[in-house]
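# Structural overview
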Amino acid sequence: MLKKFTLKNYKNFKDKITIDFENIAGYQFNTDCLSDGIIGKMLIYGCNATGKTNLGRALLDIGLIIFDVTRYASNASNGILLNADSKEETAVFRYEFRFEDAELDYKYSRFSNQELCDEELSINGKNIFKCNFSLKEYNFDNLDYIHAETANIDR
């Protein structure tokens, strides 16, 4: 279950923001929204053009990476996902999960909708793999920890 999500330099989110689904303060009145101490149901509201849809798209971006899906292909080359006011070259995404006794931390950054800069996976604090696609540096020393023999670097 997703326990924490962090985002930086994506669309209207120039500065780093974190949603901590384990911070259940204020949810005591409705335990139906909680699952194993993590917020499972949440309502995000706000004025028009404040980033609600962009936040939802950012949360779902992990699916595009994992399943190698291209979104906004016609605008992919112009870096449409980056914050217009930022001088940084990438948007940064971090997903922290808890599955029973396992803590999974998955981070990546994107230059554009179609181009990854880097990607990293850790489980219970152990680095499983780390890739820097722009520098062509790869570390797959611990793939056996997840019973994998190879990894796809054609991202």
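Residues numbered from 1 in each chain as written. Predicted model: local features only at pLDDT ≥ 70, side-chain atom pairs only at ≥ 80, totals over all residues. Heavy atoms only, no water.

### Remarks on unusual backbone geometry
We note that Ala49 has phi near 60°; this positive angle belongs to a residue other than glycine. With respect to the helices, strands and loops of the structure, Ala49 is situated in the loop between strand 4 (38-39) and helix 1 (52-66). By relative accessible area, which is 82% here, Ala49 ends up exposed. Phi is positive for Asn124, which is not a glycine, with a value near 50°. Relative to the assigned elements, Asn124 resides in the loop between strand 7 (116-123) and strand 8 (126-132). (Helix = DSSP H or I, 4+ residues; strand = E, 2+ residues; numbered from the N terminus. Buried < 20%, exposed > 50% of the residue type's maximum accessible area, 1.4 Å probe, protein only.)

### Observations concerning the pattern of salt bridges
Considering all chains together, one arrives at seven salt bridges under this definition. Between Lys3 and Glu22 there is a salt bridge, with the nearest N and O atoms lying 4.0 Å from each other. Of this pair, Lys3 sits in strand 1 (residues 2-8) while Glu22 is found in the loop between strand 2 (17-20) and strand 3 (34-35), placing the two residues 19 residues apart along the sequence. Notably, a salt bridge pairs Glu96 with Arg94, separated by 3.5 Å at the nearest N-O pair. According to the relative accessible area criterion, Glu96 is buried, its value standing at 13%. Connected through salt bridges with shared partners, the residues Lys3, Glu22, Arg98 and Glu103 form a single ionic network. (Salt bridge = Lys/Arg side-chain N within 4 Å of Asp/Glu carboxyl O.)

### Quick look at the pairing of strand 1
When strand 1 meets strand 5 (residues 91-99), the two strands line up antiparallel, connected through six bridges. Across the sheet, Phe5 pairs through a bridge with Tyr95, a residue of strand 5. Of the strand pairs in this sheet, strand 1 and strand 2 are connected by four bridges, and their pairing is antiparallel. When the bridges of strand 2 are listed, Thr6 appears paired with Thr18. (Pairing = 2+ DSSP bridges.)

### Points about the environment of Lys126
Among the secondary structure elements, Lys126 is positioned in strand 8. Look at Lys126 and you get partly exposed, because its relative accessible area is 35%. Linking Lys126 and Asn142, residues 16 residues apart in sequence, is a C-alpha distance of 8.1 Å. When near neighbours in sequence (up to four residues on either side) are disregarded, Lys126 contacts Leu121, Asn142 and Tyr145. (Contact = heavy atoms within 4.5 Å.)

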